[in-house]
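Topology and contacts: notes
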Amino acid sequence: MEINFYKYQGTGNDFVILDNREGVYNHLTQEQIHFLCDRRFGIGADGLMLLNAATGYDFEMKYYNADGRESTMCGNGGRCLTMFAYHQGIVRTVYKFIAIDGPHEAEIDARGLVRLKMQDVPSIEESSGDYTLNTGSPHYVKMVDRLDEYNVFSKGREIRNQEAFKPSGINVNFVEVEDEHEIAVRTYERGVEDETLSCGTGVTASALVNYHNEQGFNEVTVQTRGGKLSVEFDRHPNGGYSNIWLIGPAEKVFTGTLLLP
Ligand SMILES: N[C@@H](CCC[C@H](N)C(=O)O)C(=O)O
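No experiment lies behind these values; they were computed from the predicted model shown.

Turning our attention to the UniProt feature "binding site: substrate" (unreviewed entry) in the chain. On the UniProt side, "binding site: substrate" (unreviewed entry) is annotated at positions that read Asn 13, Asn 65, Gly 75, Asn 76, Asn 171, Glu 189, Arg 190, Gly 200 and Thr 201 here. When only the residues just named are considered, the largest cavity is lined by Asn 65, Gly 75, Asn 171, Glu 189, Arg 190 and Thr 201. Look at Asn 76 and you get buried, because its relative accessible area is 0%. Look past the residues within four positions of Asn 76 in its chain and what remains in contact with it is Gly 10, Thr 11, Asn 13, Phe 15, Ser 198, Cys 199, Gly 200, Leu 229 and Leu 246. Locating Thr 201 in the fold gives a position in helix α4 (residues 200-214). Those residues in contact with Thr 201, other than ones at most four positions away along the chain, are Met 73, Cys 74, Gly 75, Met 118, Thr 135, Ser 137 and His 139.

Structure below.
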């Protein structure tokens, strides 16, 4: 089978994207998606997305991790897919798309940055000084010092595989506060089973946890290894969060054709 693919990245979180509005890629197997995401034998990416047609929406986002399994929401993926839709001629002031966690809105602002509205977060759970919450995907957040020197791979893998998070696992974020407007985040992603350069739902989770702890500003700049994102949100007296926006760059890297073995 011939695959016409597009490669995008958002702050270094990279994705293979397939235009599946005609349904031609409906039957890709887990092994085939894993192969396409393989950095040595395939194209190479943290995940693969299908842009599907969807009644009542501009498109549907279907997201697979690099291991080939369909997963939950991907924030950087949603931003990249919005830019892809624009490049494919789906031009809107406000995009409305449907993903596994429900409907989303997105906009491309005057600077060319993609703003993605995330689902509301009703609560943040605390245990032993760390936090868990769901921002469309499940996240564990740990505040640390000296993030640069932190062993994200080994500590992230250990937490991801804890009995408490089985069978689905969890993404693990390590966060250092830079100042009242800025935090730095490094993430171990399940399904990639490694640290990625950025994780949008993880950055969102980290910004909310930081506010939950420190209060400060409800507009936070987040430094990831792959670049800067920002997160804006409203907090409610009951401890929940709404009107959550993840904002940052999303770029086409290259396109190509590949024959699936
Ligand atoms: N990179 C993502 C998150 C992708 C999903 C994650 N690996 C999971 O399985 O939950 C993002 O930008 O949010």
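Now for the packing of aromatic side chains. Per the counting criterion, the structure on display carries 11 aromatic pairs. Residues Tyr 8 and Phe 84 carry aromatic rings whose centres are separated by 5.7 Å and whose planes lie at 85 degrees to one another, so their mutual orientation is edge-to-face. A residue pair is termed long-range when its members are at least 10 positions apart, and Tyr 8 in strand β1 (residues 2-10) and Phe 84 in helix α2 (residues 75-87) qualify at 76 residues. Of the two residues, Tyr 8 and Phe 84, neither departs from the other in class, the shared state being buried. With 5.7 Å between their ring centres and 75 degrees between their planes, Phe 233 and Tyr 241 make a pair best called edge-to-face. The two residues Phe 233 and Tyr 241 agree in class, both being buried. Three or more aromatic residues joined by ring pairs form one cluster here, namely Tyr 6, Tyr 8 and Phe 84. The side chain of Arg 115 reaches across the aromatic face of Trp 245, ending 5.0 Å from its centre.

This part takes up the domain arrangement of the chain. The domains assigned to the chain are domain 1 (2-118 + 250-259) and domain 2 (125-248). Summarising the inter-unit geometry, the C-alpha centres of domain 1 and domain 2 are found 22 Å apart. Contact with domain 1, which involves 27 residues of that partner, is made by 27 residues of domain 2. Note on domain 1 versus domain 2: buried area summed over both sides is about 1900 Å², and carbon and sulfur give 52% of it.

With that out of the way, let us pick up the site of the ligand. Residues in close proximity to the ligand total 16 residues, the closest being Ser 71, Gly 75, Asn 171, Gly 200 and Thr 201. Within the contact set of the ligand, an oxygen atom lies 3.1 Å away from a side-chain nitrogen or oxygen of Ser 137. Burial of the ligand by the protein chains amounts to 100% of its free accessible area of 360 Å². Judged by the fraction of its atoms near the pocket grid, the ligand is located in the largest cavity. Sorting the residues of the shell around the ligand by element identifies β4 (59-65), α2 and α4 as the ones contributing at least two each. Taken together, the residues of the shell around the ligand break down into 4 nonpolar, 10 polar and 2 charged. Two domains each put at least three residues into the shell around the ligand: domain 1 (2-118 + 250-259) and domain 2 (125-248).

Parameters at a glance
- Throughout, a residue's number is its position along its own chain's written sequence, starting from 1.
- Reporting of local features is limited, given that this is a predicted model, to residues whose pLDDT is at least 70; pairs of side-chain atoms are given and counted only at 80 or more, and all residues count toward the totals for whole chains, interfaces and linings.
- Processing note: side-chain calculations cover all non-hydrogen atoms of the structure and skip hydrogens and water entirely.
- UniProt positions are given in the numbering used here, feature names are shortened, and annotations may be inferred rather than shown by experiment.
- Of the two site types, the cavity is a set of points on a 1 Å grid over the protein atoms alone where a 1.4 Å probe fits but cannot get out, and the pocket is an open set with protein on both sides within 12 Å along at least five of seven lines, each lined by residues with an atom within 4 Å of a point.
- For the exposure calls, accessible area comes from a 1.4 Å probe over protein chains only, and a residue counts as buried if that area is under 20% of its type's maximum, exposed if over 50%, partly exposed in between.
- Residue contacts follow a heavy-atom distance rule, with two residues in contact if any of their heavy atoms lie within 4.5 Å.
- Starting at the N terminus, helices and strands are each numbered in turn, a helix being any DSSP run of H or I of at least four residues and a strand any DSSP run of E of at least two.
- A pair of aromatic rings is counted whenever rings of Phe, Tyr or Trp (Trp by its six-membered ring) have centres within 6.5 Å, and the orientation is called stacked for planes under 30 degrees apart, edge-to-face for over 60 and tilted otherwise.
- The criterion is that NZ of a Lys, or CZ of an Arg, lies within 6 Å of the ring centre and within 35 degrees of the ring normal, and then a charge sits over that ring.
- Note that the domain bounds reflect an automated or database-derived domain assignment.
- Here the quantity called buried area is the total loss of accessible area, with a 1.4 Å probe, experienced by two parts when brought into contact, counted for both.
- Proximity is defined per residue: if any heavy atom of the residue lies within 4 Å of a molecule or strand, that residue is considered near it.
- N or O atoms closer than or at 3.5 Å make up a polar contact, with two conditions inside protein: a donor-capable atom paired with an acceptor-capable one, and, for residues adjacent in sequence, both atoms drawn from side chains.
- Here the open area of atoms and residues is found with the Shrake-Rupley method and a 1.4 Å probe, where only the protein chains shown may cover a residue.
- If over half the atoms of a molecule are within 2 Å of the grid points of a cavity or pocket, the molecule is regarded as sitting in it.
- Residues are grouped as follows: Ala, Val, Leu, Ile, Met, Phe, Trp, Tyr, Cys and Pro are nonpolar; Asp, Glu, Lys and Arg are charged; every other residue, Gly included, is polar.

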